[in-house]
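# Examining the three-dimensional arrangement
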Protein chains: 2
Amino acid sequence: MSFRIVTISREFGSGGHRIGKMVAEKLGIQYYDNELVTKIAEKSGFAQSFIQEHGEETNATNSLLFSLSNWGTYYNYTVSDQLYFAQRRVIEELANKAPCVIVGRCADYILRERTDCLNVFIHANMDFKRKRIIELYGEKGTNLDKKILEKDKRRKAYYKYYTNQSWGEALNYHLCLDSGIIGLEKCADVIAQLMG
Amino acid sequence: MSFRIVTISREFGSGGHRIGKMVAEKLGIQYYDNELVTKIAEKSGFAQSFIQEHGEETNATNSLLFSLSNWGTYYNYTVSDQLYFAQRRVIEELANKAPCVIVGRCADYILRERTDCLNVFIHANMDFKRKRIIELYGEKGTNLDKKILEKDKRRKAYYKYYTNQSWGEALNYHLCLDSGIIGLEKCADVIAQLMG
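Here's what I pulled together on the structure shown here. What you see is a predicted model, and the numbers here were worked out from it, not measured in a lab. Positions within a chain are numbered from 1, following the residues in the order the chain's sequence is written. Here every chain gets a letter starting at A, and every ligand a number starting at 1, in the order they are written. Since the coordinates come from a predicted model, pLDDT governs what is reported: local features require at least 70, and pairs of side-chain atoms require 80 or more to be given and counted, while whole-chain, interface and lining totals use all residues. Each side-chain value is derived from all of the structure's non-hydrogen atoms; neither hydrogens nor water enter the calculation.

### Re the pairing of strand 3 (residues 100-103) of chain B
All names here are of chain B. For every residue, the accessible area (1.4 Å probe, protein chains only) is compared with the maximum for its type, and the residue is labelled buried under 20%, exposed over 50%, or partly exposed between those bounds. Put simply, DSSP H or I for four residues or longer makes a helix, DSSP E for two residues or longer makes a strand, and each gets a number counted from the N terminus. Neither face of strand 3 is open: one carries Cys100 and Ile102, the other Val101 and Val103, and all of them are buried. Alignment of strand 1 (residues 5-10) against strand 3, held across four bridges, turns out to be parallel. Along strand 3, the bridge assignment pairs Ile5 with Cys100. Pairing between strands is defined by DSSP: at least two bridges between them are needed.

Right, here's the structure in full:
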């Protein structure tokens, strides 16, 4: 099977963004993350910073499917729902346009009908993630591990809400990589090799 | 990090054995599966066929840890427990001896203290597994999907019993591969590349 698109789902701090960028550079294809945010903002009129903060998280406990089943009462759509629909349109268009790497945004689920997507999940142990986050973001404090877990918990809830799937389950991805053990560069090599 | 040993855990029918053999051939290292069975038989005196049938499955619902906690009453060890301990000794010796590929047998857990093991999980969708099993073993019948699921269910129970870990969870492996989507040869290439 030949792939045109890589979707990367990742634990916070595991280096998913860095790996995604390296893959895009190695293959000479587009990488979408912040740029995606900008496109969404343009499409939907939401302020860029609002999307950046809320684009992948939700405190919602209800199911979107439940909301959607109340057809004709689209007034029930939350801001988060509208964001999701806007993201979905953008991701579908980008995937049709040209080979690319897309990080997050439920891209693997949104593009699930395609046969040219390699869906990747990146994870690492807590020590590795903690060190990276301290280096990259200068985070300090005693509760960093808890914050890391909380961030992934919110990602998992967002993913579940909009897709009814389990974020992070091996069986739902074509490739899962422990970036702490394997290394970021080698993870990117593996992905690029499979795209070749 | 450099690896000497590959442990392969796999869903029934996903091609884990085939991939393991290809990796061993590409790298010029030993591959252990049936041969492992023979070594176990030699070490523990159990009949080879008995181990082949029961070496990875259990109907036990109790925890081995519970049994072990009753120190001094080793008379409680079942045949399955004795097999496990025999397998464990063999796997530890093989890992010390030379680089190798080991399929199944809770090898990833047994060798967990080592830093030179690449732990891999191979999975695939049901269509792919069903077709392979029909081709390889000439299985027929309407309940094949159910048999496949049952076999993995028993593997999962065996693994849980002896390791208290969850078989098949992405976070417990360095590399997970969907062999149906990626292809057996490419899976072997990925693994061999990481060992390089």
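### A word on the pairing of strand 5 (residues 175-178) of chain B
For a regular strand, the rule is simple: side chains alternate between the two faces of the sheet. Judged by which residues are buried, strand 5 of chain B turns out to be covered on both faces: Leu175 and Leu177 of chain B on one side and Cys176 and Asp178 of chain B on the other are all buried. Bridge count between strand 5 (residues 175-178) of chain A and strand 5 of chain B: three bridges; the pairing is antiparallel. Opposite Leu175 of chain A, over in strand 5 of chain B, you have Leu177 of chain B as the bridge partner. One ladder, built from four bridges, connects strand 4 (residues 117-123) of chain B with strand 5 of chain B; its direction is parallel. When the sheet's bridge partners are listed, Ile122 of chain B is paired in strand 5 of chain B with Leu177 of chain B.

### A look at the interface of chain A and chain B
Every residue pair with non-hydrogen atoms within 4.5 Å of one another is taken to be in contact. With 21 residues of chain A at the interface, the matching set in chain B holds 21 residues. Put simply, buried area is the surface a 1.4 Å probe can reach on two separate parts but cannot reach once they are joined, added for both. For the chain A and chain B pair, buried surface summed over both sides reaches about 1,900 Å², with 63% attributable to carbon and sulfur atoms. Area buried by chain A at its contact with chain B is led by His174, Ile181 and Leu194 of chain A, which between them contribute 27% of it. A side-chain nitrogen of Lys or Arg and a carboxyl oxygen of Asp or Glu constitute a salt bridge if their distance falls within 4 Å. The interface formed by chain A and chain B holds zero salt bridges in total.

### Here's the deal with the relation of the copies chain A and chain B
Residues below a pLDDT of 70 in either copy are left out; the C-alpha atoms of the rest, at least 70 in both, set the least-squares superposition of the copies. Of the two same-sequence chains, chain A is brought onto chain B (RMSD 0.0 Å, axial shift 0.0 Å) by a rotation of 180 degrees. Taken together, the turn and the small shift mark the pair as related by a two-fold rotation axis. When you check the interface residues of chain A against chain B, 100% turn up at the interface there too, and the contact is symmetric in its surfaces.

### Observations concerning the sheet that holds strand 3 (residues 100-103) of chain A
The 10 strands are arranged 2(A)-3(A)-1(A)-4(A)-5(A)-5(B)-4(B)-1(B)-3(B)-2(B) in an open sheet whose pairing can be described as mixed. Strand pairing shows two members of the sheet lacking a second neighbour, strand 2 (30-32) of chain A together with strand 2 (30-32) of chain B, which therefore form its edges. Going from strand to strand, the sheet's axes swing by 20 degrees on average, the running direction of each strand aside. Two strands pair when backbone bridges link them, and strand 1 of chain B and strand 4 of chain B are joined in this way by six bridges, in the parallel orientation. Following the sheet pairing, Arg10 of chain B is matched in strand 4 of chain B by Ile122 of chain B. Where helix 10 (residues 184-195) of chain A meets the sheet, it contacts strand 1 (5-10), strand 4 (117-123) and strand 5 of chain A, and its direction lies at approximately 160 degrees from that of strand 5 of chain A. Orientation is described by axes fitted as lines to C-alpha atoms, over the contacting stretch for helices, and by angles from 0 to 180 degrees between their N-to-C directions.

### Brief notes about the side chain of Thr7 of chain A
Residue and element names in this part refer to chain A. Mapped onto the secondary structure, Thr7 falls in strand 1. Counting of polar contacts relies on pairs of N or O atoms within 3.5 Å, with two restrictions inside protein: one atom must be capable of donating a hydrogen and the other of accepting it, and residues adjacent in sequence are counted only when both atoms are side-chain atoms. A distance of 2.6 Å separates the side chain of Thr7 from the side chain of Asn119, its partner in a polar contact. In this view, Thr7 contacts Ile102, Ala107, Asp108, Leu111, Leu118, Asn119 and Val120; residues no more than four positions away in its chain are not counted.

### So, unusual backbone geometry
Residues and elements named next belong to chain A. One non-glycine residue, Arg105, adopts positive backbone phi at about 65 degrees. Counting through the fold element by element, Arg105 comes out in the loop between strand 3 and helix 6 (107-110). Positive phi, normally seen in glycine, also occurs at Asn164, with a value near 60 degrees. Assignment of secondary structure puts Asn164 in the loop between helix 8 (144-163) and strand 5.

### A closer look at the environment of Gly15 of chain A
All names here are of chain A. Of note, Gly15 is situated in the loop between strand 1 and helix 1 (16-27). Along the chain, Gly15 and Lys131 lie 116 residues apart, while their C-alpha atoms are 11 Å from each other. Ignoring sequence-local partners within four residues, the contact set of Gly15 consists of Arg132 and Leu184.

### As for the pattern of salt bridges
Residues and elements named next belong to chain A. Under the criterion given, the structure shown has 18 salt bridges over all chains. Its salt-bridge partner being Arg130, residue Asp127 comes within 3.1 Å of it at the nearest N-O pair. Here Asp127 and its partner Arg130 are both found in helix 7 (residues 126-137), three residues apart, which amounts to about one turn of the helix. Of the residues examined, Arg130 reaches a relative accessible area of 24% and is grouped as partly exposed.

### Considerations on the environment of Thr7 of chain A
According to the relative accessible area criterion, Thr7 of chain A is buried, its value standing at 1%. In sequence terms Thr7 of chain A and Gly104 of chain A are 97 residues apart; their C-alpha atoms lie 7.3 Å from each other.

### Things to note about the packing of aromatic side chains
Residues and elements named next belong to chain A. Pairing of aromatic rings covers Phe, Tyr and the six-membered ring of Trp, with a centre-to-centre limit of 6.5 Å; geometry is then stacked below 30 degrees between planes, edge-to-face above 60, and tilted otherwise. A full pass over the atoms with the stated rule returns 14 aromatic pairs over all chains. With 4.6 Å between their ring centres and 90 degrees between their planes, Tyr161 and Tyr162 make a pair best called edge-to-face. One aromatic cluster is present, formed by Tyr84, Phe85, Tyr158, Tyr161 and Tyr162 through successive ring pairs. Over the face of the ring belonging to Tyr109 we find Arg112, whose NZ or CZ atom lies 3.9 Å from the ring centre. Lysine NZ or arginine CZ positioned within 6 Å of the ring centre and within 35 degrees of the ring normal marks a charge as sitting over the ring. The aromatic ring of Phe12 is capped on one face by Lys151, whose charged end is 5.2 Å from the ring centroid.

### Thoughts on the state of the cysteines
Whenever a pair of cysteine sulfur atoms sits within 2.5 Å, that pair is classed as a disulfide. The final tally for this structure, using the stated rule, is zero disulfides over all chains. No disulfide involves Cys106 of chain A; its nearest neighbouring cysteine sulfur is the one of Cys117 of chain A, lying 14 Å away. Of all cysteine sulfurs, the one in Cys176 of chain B lies closest to Cys187 of chain B, which takes part in no disulfide; the gap is 11 Å.

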